[in-house]
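Letter by letter, the chains look like this.
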Amino acid sequence: MPAKCRRSRTKFTEEQLKILIDAFNQKPYPGYAAKKRLALQVNTEESRIQIWFQNRRARHQFPKRPGERLDARQGRGPPAEQTPGRGDRRSRTSYTNSQLQTLIEEFKVNPYPGIDSREKLAKEIGVPESRVQVWFQNRRSRQNTQKEREPGEAVDQGQNQGQDLRDGTVQGTATT
DNA sequence: CTCCTAACTTAATCACCTT
DNA sequence: AAGGTGATTAAGTTAGGAG
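Residues numbered from 1 in each chain as written. Chains lettered and ligands numbered in written order. Predicted model: local features only at pLDDT ≥ 70, side-chain atom pairs only at ≥ 80, totals over all residues. Heavy atoms only, no water.

Trainee: Describe in detail the overall build of chain A, supporting the description with residues and values.
Mentor: Each helix and strand counted, chain A has 6 helices and 0 strands in total. Element order for chain A, N to C, with α for helix and β for strand: α-α-α-α-α-α. The proportion of buried residues among the 176 residues of chain A is 28%. Of all intrachain contacts in chain A linking residues separated by at least 6 positions in sequence, the fraction that spans at least 24 positions is 69%. Carbon and sulfur atoms provide 46% of the accessible area of chain A, an area that totals close to 13,400 Å². (Helix = DSSP H or I, 4+ residues; strand = E, 2+ residues; numbered from the N terminus. Buried < 20%, exposed > 50% of the residue type's maximum accessible area, 1.4 Å probe, protein only. Contact = heavy atoms within 4.5 Å. Areas by Shrake-Rupley, 256 points an atom, 1.4 Å probe, with all protein chains shown as cover.)

Structural data, given as structure tokens:
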């Protein structure tokens, strides 16, 4: 096995879970600052907190209603306080040209980098691993929508895409 | 093996900036 | 206003580990 694909599964302790669940019950859509605070509290990364909340919202019912953003005709519930997205977000990461170039080069080689590749890349360009992951997500998604616009080209990818060989272990010829 | 759930995916959308 | 792109979301999938 060349490189790890997925990050190893996080095991939350009872105590951590207690804090997380409690926070979730109070606010299922925490803003960036709240997530960071929680991350500190339970001694884990903010990205793990984000994933945890995503999964929790998807699999458990919770009192607050996200779809209410379009509604809000009644003054019953606290409004923006729990609204998704619109609260405080992580400030936008701005990539330099050379950082972008590194990312794009890697994307050509392997659009589905595993955790090892992502961390390596992150370290190389000096950006958190979670930002690298998001960059790849956006890149893949937007590449797909652009293909639909101009489908008249042969695709190198073939139908056998990522899932199997996400991590190519393609080291060696790095930068010139 | 089955069940729960962390990790991951796409697609849509939000937010903010530049043109 | 339109375009680009990073950040966040919902919904669905993959996989690790406990029972």
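Trainee: Describe in detail helix H4 (residues 97-109), supporting the description with residues and values.
Mentor: Taking 1.5 Å of rise per residue, 13 residues should cover 18 Å, and H4 covers 19 Å from first to last C-alpha, within 8% of that figure. The set of residues buried in H4 consists of Gln99, Leu103 and Phe107. Each buried residue of H4 lies within a common arc of 70° when the element is viewed along its axis, so the set occupies one face. For H4, exposure combined with an orientation more than 90 degrees from the buried face picks out Asn97, Gln101 and Lys108. (Expected span 1.5 Å × (residues − 1). Arc of directions from axis to C-beta.)

Trainee: Describe the protein's contact with DNA strand C, and please don't skip the residues or the numbers.
Mentor: Taken together, 21 residues are adjacent to DNA strand C, and Tyr29, Arg57, Arg92, Thr93 and Arg142 come closest. The sugar-phosphate portion of DNA strand C accounts for 60% of its atoms within 4 Å of the protein, the bases making up the rest. The contact in question runs from a phosphate oxygen of DNA strand C to an N or O atom on the side chain of Arg57, over 2.7 Å. Contacts to DNA strand C include Arg89, whose side-chain N or O atom sits 2.9 Å from a base nitrogen. Of all the secondary structure elements, the ones that give two or more residues to the surface near DNA strand C are helix H3 (46-59) and helix H6 (129-149). Here the residues of the surface near DNA strand C are counted per class, giving 6 nonpolar, 5 polar and 10 charged. (Near = heavy atom within 4 Å. Polar contact = N/O pair within 3.5 Å; in protein donor to acceptor, adjacent residues only side chain to side chain. Nonpolar A, V, L, I, M, F, W, Y, C, P; charged D, E, K, R; others polar.)

Trainee: Describe the packing of helix H2 (residues 32-41) against H3, naming the residues involved and giving the relevant values.
Mentor: It is at 8 Å that the axes of H2 and H3 come closest, and there the two elements cross at 110°. Here H2 is positioned roughly perpendicular relative to H3, judged by the angle of their axes. Our pair here, H2 against H3, has a crossing hand that is right-handed. Only Glu46, Ile49, Gln50 and Phe53 of H3 make contact with H2, whose side of the interface consists of Tyr32, Lys35, Lys36, Leu38 and Ala39. (Axes fitted to C-alpha atoms, helices over the stretch in contact; angles between N-to-C directions. Parallel < 35°, antiparallel > 145°, perpendicular 65-115°, else oblique. Left-handed = near helix turned anticlockwise from the far one by under 90°.)

Trainee: Now, about the environment of Thr44: what can you tell me, with residues and values included?
Mentor: Assignment of secondary structure puts Thr44 in the loop between H2 and H3. Residue Thr44 is classed as partly exposed on the basis of its relative accessible area of 22%. Separated by 28 residues in the primary sequence, Thr44 and Gln16 have C-alpha atoms spaced 9.5 Å apart.

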